[in-house]
Amino acid sequence: MPCPPPSDELVFFVNGRKVIERNVDPEGTLLTFLRKNLRLTGTKYACGGGGCGACTVMVSKNDPVSKKIRQRHFSVTACLVPICSLYGTAVTTVEGIGSIKTRIHPVQERIAKCHGTQCGFCTPGMVMSMYTLLRNHPQPSEEQLMEALGGNLCRCSGYRPILESGRTFCMDSDGCQQKRTGQCCLDQEESASSTPGRRNEISTKLFSKEEFQPLDPTQELIFPPELLRMTENPEKRTLSFYGERVTWISPGTLKDLLQLKVKHPEAPLILGNTSLGPTVKSQGQFHPILLSPARIPELSVVTKTSEGLTIGAGCSLAQMKDILAERISELPEEKTQTYQALLKQLQSLAGQQIRNMASLGGHIVSRHCYSDLNPVLAVGNAALNLVSAEGTRQIPLNEHFLAGLESTDLKPEEILESVYIPHSRKGEFVSAFRQAQCQQNALPHVNASMRVLFKEGTDSVEDLSIAYGGVGTTTVCAQKSCQQLLGRRWNELMLDEACRLLLDEVSLPGSALGGRVEFKRTLVVSFLFKFYLEVLQELKKLAKLLSVPVSALDSRRYPDISDRFLSAIKDFSVTTPRGVQTYQSVDSCQPLRDPVGHPIMHLSGLKHATGEAMFCDDIPVVDRELFMVLVTSSRAHAKIISIELSEALELPGVVDVITAEDIPGTNGAEDDRFLAVDEVLCVGQIICAVVAETDIQAKRATEKVKITYEDLEPVIFTIQDAIKHNSFLCPEKKLEKGNVEEAFEKVDQTVEGEVHVGGQEHFYMETQRVLVIPKTEDKELDIFVSTQDPTHVQKTVSATLNIPINRITCHVKRVGGGFGGKVGRPAALGAIAAVGAVKTGHPIRLVLDREDDMLITGGRHPLFGKYKVGFMNNGRIKALDVECYINGGCTLDDSEMVTEFLILKLENAYKIRNLRFRGRACRTNLPSNTAFRGFGFPQGTLVTESCITAVAARCGLLPEKIREKNMYKTVDKTIYKQAFSPEPLIRCWNECLDKSSFHSRRTQVDEFNKKNYWKKKGIAVVPMKFSVGFAATSYHQAAALVHIYTDGSVLVTHGGNELGQGIHTKMLQVASRELKIPMSYMHICETSTAAVPNTIATAASIGADVNGRAVQNACQILLKRLEPIIKKNPEGTWEDWIEAAFEQRISLSATGYFRGYKAFMDWDKGEGDPFPYYVYGAACSEVEIDCLTGAHKKIRTDIVMDACCSLNPAIDIGQIEGSFIQGMGLYTTEELKYSPEGILYSRSPNEYKIPTITDVPEEFNVSLLPSSQTPLTIYSSKGLGESGMFLGSSVFFAIADAVASVRRERDIAEDFTVQSPATPEWVRMACADQFTEMIPRDDPKTFKPWSIPIA
Ligand SMILES: Cc1cc2nc3c(=O)[nH]c(=O)nc-3n(C[C@H](O)[C@H](O)[C@H](O)COP(=O)(O)OP(=O)(O)OC[C@H]3O[C@@H](n4cnc5c(N)ncnc54)[C@H](O)[C@@H]3O)c2cc1C
Ligand code: FES
Ligand code: FES
């Protein structure tokens, strides 16, 4: 192979330090460079595609041309930034702005102290987004804050506290908790008196603003003077960086670029890399030469003329936003119609980081079908200024260009220099529309732009342009339809005709890519209707001004735009959420040093914020370490005929491929193999694993492993098919009480219905990862793993390697989110990595990328429920028969337990005399589903609550009345005969109704709905009885080990794992109370199977409870030993006593143990005491829906939760908020899409939408029910990790309430089929109207759909 010429030096700065790279690999990203080369691991990998913000850093550039702003600072996602693009820039990472070792930055301090970190994996990204904002705007507005954080996902916190921390920097914060005191104006120290011994003061203060350091912009890192000099005298020479496979060429002048384009016509220009990068990664595209025009000023020129605006193709979308906003403010409104439409689209296009990186040129030339800007530019008659070595020319950005016709496209040697966008004219109207799964930071399902020009002084169409995105392979211009409508008057006849023409021209086949075909068709005409109304409104205004007659509307077909119908036009705005969090403050008699009950910051909070908190993959490279990448099945059910490894093994860097044959011990269970043997049961099943020197080499080699299959029958994906094939994973679980059949005979009415609940991806921000280090002696292994259950990993590895458990030590420092997804899976991954480590004798690192993680690991079980409910006309439910099926996937995993929990918890808060619950787990050819926060409860209770709404609809009563009527009211027994008192449930319910002013708001909602036809509001309140814990005593045992060292410092170890839920913080609070010393004396290092053996998974909301009891026990033992010494010297200090104890040979180390809560269930008898206790709660949510698009806005949520005496109200409120938002995602936007072949499509944050910051309800209040006691648990606290999930269904039922009001008004028949999530698609199609009626419907037998429903 010829040797490439020497590369130029790549010079840039990181955190003020100069970096000179002489042999840079152009294929590398900034993220890998930071993490691997510079060991700056604060910047995290979570998706690799720009969609989550975990890798956010700030890039600063000097702009020698600009007079106004010399240095520009932008947030970028380091995973998409090519390393070579950084020439001459300064990068700032989370480590560069502050450190706990020196000085923390105010942003870092405030996010931690405001409790904005839980697992902390998203925190560095959040910090850097906020920091960049403050560098540009030291006193930002709340709007700017929301915009800055829109591209950062957090799966734990529910965003509220993150926002709260950012808000402390804002100039215009007002309202509750906004006086920057951290205290609410309602914080009046209310007094209640129900519990003796506690003063029951209610507090709303979770942090003290007084502690915060002020923001001092003069303390920030300055732009490196050397870079200033470099950019003031820019290098004109072409720079080249040669890698093994790719060459990066960065010319210094336009002339050179054009020459290079002649020489390398196939080479793409690389700007933001937000389009090229993802295609290289996911579609395997490869470009040996990349041309970077980043140093060419001509591509950033902006020219304003009296006719229009010309924007350089190299301008970022964020710059474009500013340019447009400025131009809009300068020109009369009639000239800025196109600019306003572009600006509107830019506001919801991606997150801030992507807008900062993506260029206008890259956006246009990529011609993505979902492009938000191309439709507007096309209808706005934009033109593309092209340049090549031959000269310049202009081409229109029209349907031919968008379709990629060769004659109208860029020639290979041409580049796009700038884009000309003409001003709009008098009598011209331009609008843009988009509908995505959620409001912000989501690719649109469909978008559109429309422009109409009227003959002067008339309503007669002179020119019309309509373009759609999302309905074809690129933007589709409805040229023919528009032509046929020329000369038509703007009236309902025209609209009617236009709809017909458009549906004909913009035709989507039933099998169209992306699915959602009927929804998309409906949006095509719904958007047109919106445009029609908007323009009509404008025409009416003009007509009034000019006294021109406007044709009358036929109100029978298209309602007149009275105020009632104007609601079609208004878009939902993004507002900054606010709210109040209330809890009971500690008893005034409690000693000041006792931290129990105080809102103590997460122990790792500051380290999360500075990036110093180490996660599994942040562990530095170990000597001789190798990387492992998994090879998975591409077939759903097949026999493996052969596995051909030779090609893979020949690749450079590849060391080995691990197959089932390499396993010395057991390869999982007979029907659940870690590495497939002979047969695969789902797409994504692990077959073998490549071990190589680097992750890239291993990844490339996986593509060379050739597996031949022979397909097997049957192939089952859906629950319906599983039922048909009698394909189940375990026997039916059943509970029954009373006599259901007899009761059905006696009731006034019965309703039968179906409920379909989709699955859910855990989407923990830290994907699954493990590092296995084999030791040289005695077959010992050290395993560092991100798991909720290290003992399970330890045992599994032991069985797989066939070595005793005592040789294996599992270490868990912290986990970047688990939610149930890291209970079972890490064991299999640990086992495969351990086989690799033992076989090769090298340490093995296995880090799943996001796509693989989502593909392989399964998630929440989708559910199909059928019910029959019998009730009296007054709403009293007498009998309920529910049959549930969950889609368990291809192996048992936790499916039997999930079925049991589902059945046990199904009754929720209701006392129904005659009940029958049956549940089955279906075996299908999908990846196995597993534990997920709530464990069946969030799916099952949706069935129960759907029965309630069905009964309400039939009785003509409100759902809340039915709920109230049927709720447990006095001490009673559950369906499985466990006694309990529902008193806290009733209190939560009443308080929730009261605090949310439910009844008056219900009236207001009804009033609103009467006045608005196209927008409707809905409100719902749901009660909750959630059982905590496992249904077996042995699962509640816990142990702790507490050492006191001779300097008085204390090391606490316990069996729980820190998943972000703050368990370590709570454990130190417990130890501090018991030992009567401050928390500062104490430390928790990690969870280790060597320190505390035989632990139970940290799950089922019970971790802090049981481990707290063990820690308490250990501390009490130690204190007892110290008692004689303390008695002897009561005035002594802790250090004195410890010294004396050591002298007296008293052991300063103790094991604490908790034998577990009593819990059992006898399924034969259908009775037991399966749960130690219940958590009660209630939530009320209000939403507004857009009937034409299916979008919704969350107006307000109030949660009241019975936490008893919270160990740490900040942590507990964080758990409630976080799980509520996660639940809200489950029930509204999180939608898994499978191909008819069983391939999961939704494998990235772009395709699977978890809630973002803009999804948080505008008003979000949480209060902990004061003054209840439960003597059972540690200090009367309750485990709150999971229960909030279900309360997210209040949003679902509020949406359903709004939809029901639409259907009532339109006289549409009741439908008792409930579908979750309530996506925009579902909402739109449920709000049937003339548009849903007019779309063509396909016979399902005539096409193969893009995706299949599996619930
Ligand atoms: C997470 C994420 C979310 C997104 N969300 C949205 C969204 O909601 N709506 C939406 O519309 N888009 C969205 N996008 C797409 C985004 O708008 C485009 O990827 C982006 O605009 C492309 O610009 P770029 O500079 O990054 O292009 P690059 O990736 O650098 O280049 C893309 C292509 O354009 C060509 N090119 C670039 N500049 C020129 C030029 N001057 N002359 C000739 N050819 C050129 C290159 O040769 C290359 O083939 C999203 C992207 C990501 C990663
Ligand atoms: S890891 Fe870079 S955006 Fe997700
Ligand atoms: S704290 Fe945000 S993802 Fe865990």
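The rules we used
Residues numbered from 1 in each chain as written. Chains lettered and ligands numbered in written order. Predicted model: local features only at pLDDT ≥ 70, side-chain atom pairs only at ≥ 80, totals over all residues. Heavy atoms only, no water. Helix = DSSP H or I, 4+ residues; strand = E, 2+ residues; numbered from the N terminus. Rg over C-alpha atoms; globule rule 2.2 N^0.38 Å. Buried < 20%, exposed > 50% of the residue type's maximum accessible area, 1.4 Å probe, protein only. Contact = heavy atoms within 4.5 Å. Areas by Shrake-Rupley, 256 points an atom, 1.4 Å probe, with all protein chains shown as cover. Lys, Arg positive; Asp, Glu negative; His and termini not counted. Charge placed at Lys NZ, Arg CZ, Asp CG, Glu CD. Pairing = 2+ DSSP bridges. UniProt positions renumbered as here; feature names shortened; annotations may be inferred. Near = heavy atom within 4 Å. Polar contact = N/O pair within 3.5 Å; in protein donor to acceptor, adjacent residues only side chain to side chain. Phe/Tyr/Trp six-rings, centres within 6.5 Å; stacked < 30°, edge-to-face > 60°. Axes fitted to C-alpha atoms, helices over the stretch in contact; angles between N-to-C directions. Parallel < 35°, antiparallel > 145°, perpendicular 65-115°, else oblique. Nonpolar A, V, L, I, M, F, W, Y, C, P; charged D, E, K, R; others polar. Arc of directions from axis to C-beta. Core = buried A, V, L, I, M, F, W, Y, C linked by side-chain atoms within 4.5 Å.

> So what about the overall build of the protein chain? Which residues, and what values?
Helix and strand content of the protein chain: 40 helices and 48 strands. A compact globule built from 1351 residues would reach a C-alpha radius of gyration of about 34 Å, and the protein chain, at 31 Å, matches this within 12%. For the protein chain, the spread of C-alpha atoms along the principal axes amounts to about 95 × 80 × 70 Å. With 1351 residues in all, the protein chain has 64% of them scored as buried. Relative to all contacts within the protein chain whose residues are 6 or more apart in sequence, the contacts with residues 24 or more apart total 78%. Carbon and sulfur atoms make up 51% of the accessible area of the protein chain, which amounts to about 48,600 Å² in all. On the protein chain, the mean spot of the 148 positive side-chain charges and the mean spot of the 160 negative ones are 3 Å from each other.

> Give me the lowdown on the sheet that holds strand S30 (residues 808-812), citing residues and values where you can.
Strand order across the open sheet formed by 8 strands is S22-S24-S20-S31-S28-S29-S30-S41, with mixed pairing between neighbours. The outermost strands of the open sheet, each flanked by one partner alone, are strand S22 (654-658) and strand S41 (1087-1088). Inspection of the sheet shows strand S20 (residues 626-632) paired to strand S31 (residues 844-847) by 3 bridges, in the parallel sense. Each residue of the ladder has a partner; that of Met 628, found in S31, is Leu 846.

> Talk me through the UniProt feature "domain: FAD-binding PCMH-type" (unreviewed entry) in the protein chain; I want residue IDs and the actual numbers.
In the UniProt entry, the feature "domain: FAD-binding PCMH-type" (unreviewed entry) is given for residues 241-426. Taken end to end, residues 241-426 is 36% helix and 20% strand, and its two terminal C-alpha atoms sit 52 Å from one another.

> Report on the site of ligand 1, specifying residues and quantitative values.
As a structural note, the neighbourhood of ligand 1 is formed by 35 residues, with Leu 271, Thr 274, Leu 276, Ser 359 and Asp 372 the closest of them. Measuring from an oxygen atom of ligand 1, one finds a backbone N or O atom of Leu 271 at 2.8 Å. One of the backbone nitrogen or oxygen atoms of Ser 275 is found 2.9 Å away from an oxygen atom of ligand 1. The protein chains hide 94% of the 980 Å² of surface that ligand 1 would expose on its own. Sorting the residues of the shell around ligand 1 by element identifies helix H13 (360-366) and strand S14 (415-422) as the ones contributing at least two each.

> Provide a residue-level description of the packing of aromatic side chains, including the pertinent values.
Using the criterion set out here, one finds 33 aromatic pairs in the structure. Seen in terms of ring centroids, Tyr 1013 and Trp 1014 are 4.8 Å apart; in terms of plane orientation they differ by 85°. Their pairing is edge-to-face. Owing to a relative accessible area of 0%, Trp 1014 belongs among the buried residues under this scheme. Note on Phe 1292 and Phe 1293: the rings are 5.2 Å apart at their centroids and 85° apart in plane angle, and the pair reads as edge-to-face. Here the two residues Phe 1292 and Phe 1293 agree in accessibility, since each one is buried.

> Quick one: what's the story with the UniProt feature "binding site: substrate" (unreviewed entry) in the protein chain, residue by residue and with numbers?
Here, the residues flagged by UniProt with the feature "binding site: substrate" (unreviewed entry) are Phe 935. Not counting chain neighbours up to four residues away, the residues in contact with Phe 935 comprise Arg 860, Asp 894, Met 897, Val 898, Phe 901, Leu 902 and Glu 1282.

> With reference to specific residues and values, describe the packing of helix H36 (residues 1209-1228) against helix H38 (residues 1289-1305).
Contact geometry for H36 and H38: axes closest at 7 Å, N-to-C directions at 40°. Judged by the inter-axis angle, H36 sits oblique to H38. Residues Phe 1220, Met 1224, Tyr 1227 and Thr 1228 of H36 lie in contact with H38, whose contacting residues are Ser 1289, Ser 1290, Val 1291, Phe 1292 and Ile 1295. Residues of the contact of H36 with H38, tallied by class, amount to 6 nonpolar, 3 polar and no charged.

> Which residues make up unusual backbone geometry, and what values go with them?
Across the chain, the bulk of peptide bonds are trans and the bulk of non-glycine residues have phi less than zero. The omega angle of the peptide bond from Glu 713 to Pro 714 is -10°, so this bond is cis rather than trans. Along the chain, Pro 714 falls in the loop between strand S25 (706-711) and helix H23 (719-724). For the bond running from Ser 1316 to Pro 1317, omega is 5°, close enough to zero to count as cis. Along the chain, Pro 1317 falls in the loop between strand S48 (1313-1316) and helix H39 (1320-1326). Despite not being glycine, Asn 273 has its phi angle at roughly 60°, a positive value.

> Would you mind going over helix H5 (residues 142-149) in detail, with residue names and values included?
Listed as buried for H5 are Glu 142, Leu 145, Met 146, Ala 148 and Leu 149. For H5, the arc enclosing every buried residue in end-on projection is 160°, short of the 170-degree limit, so these residues lie on one face. Looking at the buried positions of H5, the neighbouring elements they touch are helix H4 (123-136), helix H6 (160-167) and helix H12 (352-357).

> Before we move on, could you go through the sheet that holds strand S9 (residues 289-291) and cite the residues and values that matter?
Here we have 3 strands laid out as an open sheet, ordered S7-S8-S9, and mixed in their pairing. Strand pairing shows two members of the sheet lacking a second neighbour, strand S7 (239-242) and S9, which therefore form its edges. Sheet twist, expressed as the mean angle between neighbouring strand axes with direction ignored, is 15°.

> Describe the pairing of strand S19 (residues 581-584), listing the residues and the values that go with them.
Burial along S19 is two-sided: Gln 581 and Tyr 583 and Thr 582 and Gln 584, pointing in opposite directions, are all buried. Pairing of strand S6 (residues 202-203) with S19, which is carried by 2 bridges, proceeds in the antiparallel orientation. Note that in S19 the partner of Ser 203 across the bridge is Tyr 583.

> Tell me about the environment of Ser 348, and name the residues and values.
By the secondary structure assignment, Ser 348 is in helix H11 (residues 337-348). Look at Ser 348 and you get buried, because its relative accessible area is 9%. When the C-alpha positions of Ser 348 and Ala 442 are compared, they lie 7.8 Å apart, and in sequence the two are 94 residues distant.

> How would you explain the nonpolar core if you had to name every residue and give the values?
Ranked by size, the top nonpolar core spans 257 residues in total, and within it Tyr 468, Trp 490, Tyr 867 and Ile 1185 carry the most contacts. The dominant element in this core, judged by the number of residues it contributes, is helix H18 (residues 517-546), at 14 residues. Apart from residues lying up to four places away in sequence, Ile 1185 is in contact with Phe 572, Trp 1014, Lys 1015, Lys 1016, Ala 1191, His 1192, Ile 1295, Ala 1298, Val 1299, Val 1302, Val 1323 and Cys 1327. Within the second largest apolar cluster, 73 residues are counted, among which are Ala 341, Ile 364, Leu 416 and Ala 432.

> Give me the side chain of Asp 587: which residues, what numbers.
Position of Asp 587 relative to the elements: it lies in the loop between S19 and helix H20 (605-610). A distance of 2.8 Å separates a polar side-chain atom of Asp 587 from the backbone nitrogen of Cys 589.

> Describe the side chain of Arg 825, with residues and values.
In this fold, Arg 825 is placed in helix H26 (residues 825-840). You can call Arg 825 buried: its relative accessible area is 13%. Of the polar contacts made by the side chain of Arg 825, one reaches the backbone oxygen of Thr 857; its length is 3.1 Å. Other than its neighbours up to four places away in sequence, Arg 825 contacts Gln 768, Ile 856, Thr 857, Asp 893, Ser 928 and Thr 930.

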